[in-house]
Protein chains: 6
Amino acid sequence: MDNGENFRHEEVLKRATKALSSQDGNKNMCHLRRHGEPLPSQSQISQFVDICRSVLFPGFFGIDSVNTANIEYVVGVECEKLMELLETQAQAGLLLDVKCGETADMAQIARKAHGVAMDFVDSLPEMKRMLQTDVEAMYIGDPAAVSREEVVYCYPALKAITNYRIAHRLLQLGVPVIPRIITELAHSETGIDIHPGAEIGEYFAIDHGTGVVIGATAIIGNHVKLYQGVTLGAKSFDLDENNNPIKGIPRHPIIGDNVVIYSNASILGRISIGKNAVIGGNLWVTVDVAEGEKLVQAKANNILRFKSDE
Amino acid sequence: MDNGENFRHEEVLKRATKALSSQDGNKNMCHLRRHGEPLPSQSQISQFVDICRSVLFPGFFGIDSVNTANIEYVVGVECEKLMELLETQAQAGLLLDVKCGETADMAQIARKAHGVAMDFVDSLPEMKRMLQTDVEAMYIGDPAAVSREEVVYCYPALKAITNYRIAHRLLQLGVPVIPRIITELAHSETGIDIHPGAEIGEYFAIDHGTGVVIGATAIIGNHVKLYQGVTLGAKSFDLDENNNPIKGIPRHPIIGDNVVIYSNASILGRISIGKNAVIGGNLWVTVDVAEGEKLVQAKANNILRFKSDE
Amino acid sequence: MDNGENFRHEEVLKRATKALSSQDGNKNMCHLRRHGEPLPSQSQISQFVDICRSVLFPGFFGIDSVNTANIEYVVGVECEKLMELLETQAQAGLLLDVKCGETADMAQIARKAHGVAMDFVDSLPEMKRMLQTDVEAMYIGDPAAVSREEVVYCYPALKAITNYRIAHRLLQLGVPVIPRIITELAHSETGIDIHPGAEIGEYFAIDHGTGVVIGATAIIGNHVKLYQGVTLGAKSFDLDENNNPIKGIPRHPIIGDNVVIYSNASILGRISIGKNAVIGGNLWVTVDVAEGEKLVQAKANNILRFKSDE
Amino acid sequence: MDNGENFRHEEVLKRATKALSSQDGNKNMCHLRRHGEPLPSQSQISQFVDICRSVLFPGFFGIDSVNTANIEYVVGVECEKLMELLETQAQAGLLLDVKCGETADMAQIARKAHGVAMDFVDSLPEMKRMLQTDVEAMYIGDPAAVSREEVVYCYPALKAITNYRIAHRLLQLGVPVIPRIITELAHSETGIDIHPGAEIGEYFAIDHGTGVVIGATAIIGNHVKLYQGVTLGAKSFDLDENNNPIKGIPRHPIIGDNVVIYSNASILGRISIGKNAVIGGNLWVTVDVAEGEKLVQAKANNILRFKSDE
Amino acid sequence: MDNGENFRHEEVLKRATKALSSQDGNKNMCHLRRHGEPLPSQSQISQFVDICRSVLFPGFFGIDSVNTANIEYVVGVECEKLMELLETQAQAGLLLDVKCGETADMAQIARKAHGVAMDFVDSLPEMKRMLQTDVEAMYIGDPAAVSREEVVYCYPALKAITNYRIAHRLLQLGVPVIPRIITELAHSETGIDIHPGAEIGEYFAIDHGTGVVIGATAIIGNHVKLYQGVTLGAKSFDLDENNNPIKGIPRHPIIGDNVVIYSNASILGRISIGKNAVIGGNLWVTVDVAEGEKLVQAKANNILRFKSDE
Amino acid sequence: MDNGENFRHEEVLKRATKALSSQDGNKNMCHLRRHGEPLPSQSQISQFVDICRSVLFPGFFGIDSVNTANIEYVVGVECEKLMELLETQAQAGLLLDVKCGETADMAQIARKAHGVAMDFVDSLPEMKRMLQTDVEAMYIGDPAAVSREEVVYCYPALKAITNYRIAHRLLQLGVPVIPRIITELAHSETGIDIHPGAEIGEYFAIDHGTGVVIGATAIIGNHVKLYQGVTLGAKSFDLDENNNPIKGIPRHPIIGDNVVIYSNASILGRISIGKNAVIGGNLWVTVDVAEGEKLVQAKANNILRFKSDE
């Protein structure tokens, strides 16, 4: 390997390095700053989420040496770590709101990030209460669930909903971008894609979950249950003069209490699904559904059957 | 950062810690015990699965310095590790069956867990034989597969089926909860959700796989092939007096030998799909299909076509 | 634990080890060789991809201490690491092409692998340029995207497309198996399954993404946008005399510029979707679609509605 | 590298492995047992010591994120870890007392080890009190020490004395071998070799410390100070019929309160150095020294001086 | 293990934790502060030193993949890391100077720490030049040294001198405590104890080194060579009214250029050893030595020889 | 932190980096080469030594899960790792012998390094046999040793002698520099400095050990015992025309069988210490000692005693 090729090695290395580190390369992005400001870190955010799970469900995630004697110590240590990680990442997120070329007011951002960390930790007990209702809903509602413990240890939906509730809280506290990174971590882990902007009530259950999509402006009541592949999506976008979608307009459905939506159904647009309604599997729904209505696929008359040797 | 806020820091930390470590918070769950008993550990179970893969497919997963000279040493060391991890996790799983308030017979649980570890390792060679048939089925059946090695290195379905076969064996050996954690690890990794309770024959193939769901009481013959998004699910649940699903009733389909089910088809309820049947993509099947039958979507007469400027 | 069971421990360990390390066990696979040759390593390939992402999007992935002062140093160090990892893994991949029983020309393979590493690094700047167009397409086309930074930090599709562009380049450079491992890493991470053999133009966007499948011989133009669950698949395979699919025949669709395909649509077989066409959600398309055509689901006349107490 | 040499590789590997793993190889040692019993682990003992240091001197060693708000949580978590590590290592130590060929009573050993862990943790506060006196002695007595904090952060003697006090306590609690491993960790780290059997009072100080040796039966009062290279050793050993030293006889000096011993002095045999005595540097002392006596080297009359060109 | 003992577990854990985390326990030390201020971290300082070594001697320490093509990138990345670590640790050190009860001016401390980091990195090239003279001296002066490379890779003295030169620079820049931690790291690693306050010229050599002690106010010229066990110490301390040593008075020797001091010699007190002097092994020197003088041990007339059976 | 200082940051970083990575900086050293050649790596050599210890003393060092059932697997895996590490590091060492400016014959170096690795592993069993004699000597000869196991777990001398025997073997096999790095690892760990060139017989014992120095040309018989601080050194060096020591001349003592040398004695120059001789502590010996002679310090007539208030 010690031949003339090595001159090429040096040349290639230096040419590629120069091109890839040129500031022009990241046009319209100015997240890289001078020394001192934190950047959002996928690994630290992931660690933050792991710690949230470990204090929301002690003994189920993270530290496996917790017991009834040491639980308060374990939770205390983890909460402190969580606060530190969040404070740094909240700063990183807030910095992304500073326009290219503008100077960040670091002191103010640090203060705001510190407040976010405090407020977030303060709301963890209430978050835990809501998540316990989700566990209950998934345990009661699934004949395959043998215990509440199994739901916590195994159900991907619980992980996705936990990340959502964490992210939603951070969004309420005014942190940009980080909430979305958090729900995408769960999307990657579970195949369930819940936008942090959605509003979701108590006793929320998702079964299996792969392929579920819940859009940014969706509103979901209490005791709602979804199956795998359900989309609560937008039907179409209002376009601006350049034919690009206009951002920020409500465009996802409103789902009432006690609604059940079976697998692979798509509910699209700013429509309402009334309380106690049931949406059958594989349906494509783009208009309102009244309270208590049941929608099912018509008789499977579009299936052709024939013997394989026909 | 050293301002009055810090008093709030201490106060918030202590309040949240106290609330989150209160025993009341995990109602109906008593997995946390006094010193000495292991808890199920997601990271140790994940490590256990990684080691199983490394001994079932030496050189493909895990240790990358295995060669023809040292293979027996490598496999021996890994099997020992696997046994130790399993013994601990099996104990942890068995403890979850002990009711809240009851005292666990630790000696008996330890003995049972030891037996589980022995029996499991003893059955690894047969498990490997079956997985080789799965590799063969995926290699032969997929025009995109260039070699058997590629199937082992790349196909997510092989990972999901490996986890399933490990978990199914542990379920047979009487270990609670851990099997489900193992199949959910694969669900997260591959988007393929196979319940450890399902019974699956040899030469089983899944292509692409994202979104596949195979329920707890499904029974699948030999030489069966599924495509992405296929659900072998329940149609409806028998409800108890509280309107909650009754647990433990057979409610998923029985699939005969040599059946092929194309992408996104849903086969629901305790129905039978006869040998050699073929189920077309996107179908919603809730009634029995006879041996050798082919089901395809009727002519796509429900699609409207128009020019985009109409 | 120090009872008669321990004799069983030794016996079980040795019997399983012998069986699992037997060369017969991996029939038709001869990837294990004598000392000196590298095997493909999932963890090293994963590290390679992480480093590619860190130099293609500095500050977004990987090293979070990069800033405007040190960016060239960081990128240079990472490029060197990437080259080393790739050189080894390319060797490992090339060795898989050596037939069982044949002797590998290690010097030639090492030379080829070195060239691959050089050529790959040399093409990183162009790859970055293309990926910037993908970011742009996803930012402009999604009303939920608040900034380009958010797209890079959060969108799973960007990760999947990055892995695809890396893998596609390695396939062009003649490396076997490794490219597929790389796209499967993204498949696992995002639920988006793009075969490295596909050809994909600039400004490519996928929204949500879970369940998307793009087959090995698919061809996709510029400015194409897909939603979750879209399959660009094969309709049927030509079979050989043993009834097995023939490998290597074009069997996936050709998608023109500016096409949009909505969620869960399946486009199957070697058909053409003309420029500017729009394919509605949930459709099953197996015939050509003309330029500018719009396909949507006919009126949802196969849905039955009734009040839940009927 | 893929030449005939490789057959040698396999042959050499297997021959060396067989020879090195033969039970005959470790004659008179039977520490290796069947499955289930822990072995002393240098890395776990080292971790145990690190944790002891972190709870004895919170904020100085180990966890660097401790603060006044979270200190109790941090210390509690560390104490629990310490207890678990100690319980396992105490078992490992106790097992070494079981004769070759005899069967260990694992239940009794486990019970004893548990008791050791409890008793050890219970005595940590008193150990901390004594170590604070050592800090005080080193701060007051060394003109180079600028603060007590510097003593704790920097002085190797404090590490050696801490390890000694930990090891001495474990020896009192009846744990074999582990105490010696702990003092040897400090010997390696600091060059100070204190046998865990020595008895050492409060306000103990060592300056610089490299080369200090304190034998197994030495007894040291309060407020004693040693400099580098001091040996408190044995002068000669009583021999048995085979001319080997007889084990267990008191053979090291007794040092009274307030004694100072300067660098490289050797105090040998079961002699007494009376209270308030001062031993000058480089001396070789083998007879008793009375209370308040000062020993110094006679005038340096054995040094020859000449100009270098003589 | 699940017996009555467990109540003791909880009780012992909580009692010890409470006692050990009590603020009273660390009397006269107030290094623990509220949230936000860094503490000196032994592991981060150790990392800082490792990185200094890796940039002062690229390819010898740390990163082993540095080569002529990537050296600038590697060094740049490491310098940045080093700067960050130093900035934090310098803050931690400066905070130790803040009196108990006083409020730290964090902004000023941060500014000073930043300046320290800048100035330190700026002086690295000069530090490297001096260290190259030390390498040269050790290579030329030791018949056992086969190459300069061997000196850098192997000689403990080079590590000790490197740490000293780093620490001395930080002391000059006004950083408390951290310099001493750095020289103690080398003391632990090499048995060579050089106080950061000492002043040492170019071409400094130490052979073997174990037991060498160089006091805080020692001054050493150029081309000086020491052997193992040499002490440049204090003879006696001026005491204050409490009989404690007064801090900060010059009390260690001044060593002229080209002096050689052989093994285990002790040079004590504020004396001068003139240029070109040679001090023989094992000597105890407490008075001035003139330029060019040679001191050797008088004829070994204090050794008794007899046959062992006498 | 985002002030004008940052321009200084960039400037300082770039200036220091340029200076430190300049090739001129390492004058007379050309260890840095182009891509592909390994450098000696302290961390890999350290790992190599750890693995040697783990196979020479299975269960005492390294892997703590070895037992009688899995010992052969564990040892086999470790031997393979050891071989790989050694092969790479031997190459790195051999490359240091290539003169600056000359081109290395990489193929020949690789072949030689492979042979070294084979030969080294082949000699491990004999090395183990010798080390067992050392253990025996230290157990029998030390009244403080309670078991052979304690000697292996705790005695620093055993670690130093193990490293020496490893390094000596590598020197015999013609590997430059690496052997010295290995003995310096032990020097750092134990304070015992044995040059790999020394020749040392069986049943070798060192007690305590800190400060022991054994020179490159020393020859030591069987059943020799040394105490702490013993130097087997050179008395003076033959100088070349530049007044620098001439390298490679025998200059250290020859020690006969059964010799005992007590603490801090210095034996200097190419003298002979005859069989069964005993050298007392603190002696300075520069002339031959006959067989069976005993040397002790004359009556301590150079000590002045006075009461401290005199």
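These remarks concern the structure in this document. (Residues numbered from 1 in each chain as written. Chains lettered and ligands numbered in written order. Predicted model: local features only at pLDDT ≥ 70, side-chain atom pairs only at ≥ 80, totals over all residues. Heavy atoms only, no water.)

1. Digging into the pattern of salt bridges
A full pass over the atoms with the stated rule returns 78 salt bridges over all chains. Here Lys14(C) ties to Glu10(C) by a salt bridge, and the two come within 3.1 Å at their closest N and O atoms. Of this pair, Lys14(C) and Glu10(C) are both found in helix α1 (residues 5-21), 4 residues apart, which corresponds to roughly one turn of the helix. Two residues, Lys81(D) and Glu78(D), come together in a salt bridge whose shortest N-O distance is 3.1 Å. Of this pair, Lys81(D) and Glu78(D) both sit in helix α3 (residues 71-95), 3 residues apart, which is roughly one turn of the helix. (Salt bridge = Lys/Arg side-chain N within 4 Å of Asp/Glu carboxyl O. Helix = DSSP H or I, 4+ residues; strand = E, 2+ residues; numbered from the N terminus.)

2. Here's the deal with the relation of the copies chain E and chain F
What connects the two chain copies is a rotation about an axis and a shift along it. Each copy superposes on the other: chain E lies on chain F with an RMSD of 0.0 Å after a rotation of 120° and an axial shift of 0.0 Å. What the superposition gives is, in effect, a three-fold axis relating one chain to the other. Taken together, the interface assignments show that only 6% of the residues at the interface of chain E recur at the interface of chain F, consistent with different surfaces on the two copies. (Least-squares fit on C-alpha atoms with pLDDT ≥ 70 in both. Contact = heavy atoms within 4.5 Å.)

3. Some details on unusual backbone geometry
A positive phi is found at His223(B), a non-glycine position, where the angle reads about 55°. Summarising the element assignment, His223(B) is placed in the loop between β5 (219-220) and β6 (225-226). The backbone phi angle of Tyr203(E) is positive, close to 50°, even though this residue is not glycine. Locating Tyr203(E) in the fold gives a position in the loop between β2 (199-200) and β3 (205-206).

4. Description of the interface of chain C and chain A
Between chain C and chain A, the contact holds 64 residues from the first and 66 residues from the second. Regarding the contact of chain C and chain A, the summed buried area is about 6,100 Å², with carbon and sulfur atoms giving 56% of it. The largest share of the area that chain C buries against chain A comes from Pro143(C), Tyr153(C) and Arg305(C), three residues that together contribute 12% of it. Viewed at the interface, chain A and chain C are joined by 4 salt bridges. Between Glu150(C) and Arg180(A) there is a salt bridge, with its nearest N and O atoms 3.7 Å apart. In this assembly, chain C and chain A are joined by 10 residue pairs in polar contact (both at pLDDT 80 or more). Listed by contribution, the elements that provide at least two residues to the side of chain C that touches chain A are α2 (42-56), α3 (71-95), α4 (106-122), α5 (124-141), α6 (148-154), α7 (156-172), α8 (178-190) and β15 (303-307) of chain C. Counted by class, the side of chain C that touches chain A contains 29 nonpolar, 19 polar and 16 charged residues. (Buried area = accessible area lost by both parts, 1.4 Å probe. Polar contact = N/O pair within 3.5 Å; in protein donor to acceptor, adjacent residues only side chain to side chain. Nonpolar A, V, L, I, M, F, W, Y, C, P; charged D, E, K, R; others polar.)

5. Observations concerning the packing of α4(C) against α7(C)
When two helices pack together, their arrangement is captured by the angle between the axes and the distance separating the axes. Residues and elements named next belong to chain C. Two elements in contact, α4 and α7, have axes whose closest approach is 10 Å; the angle formed by their N-to-C orientations is 135°. Between α4 and α7, the angle falls in the class oblique. Crossing handedness for the pair α4 and α7: right-handed. Facing α4, whose interface residues are Val116, Asp119 and Phe120, α7 presents Ile166, Arg169 and Leu170. Of the residues in the contact of α4 with α7, the class split is 4 nonpolar, no polar and 2 charged. (Axes fitted to C-alpha atoms, helices over the stretch in contact; angles between N-to-C directions. Parallel < 35°, antiparallel > 145°, perpendicular 65-115°, else oblique. Left-handed = near helix turned anticlockwise from the far one by under 90°.)

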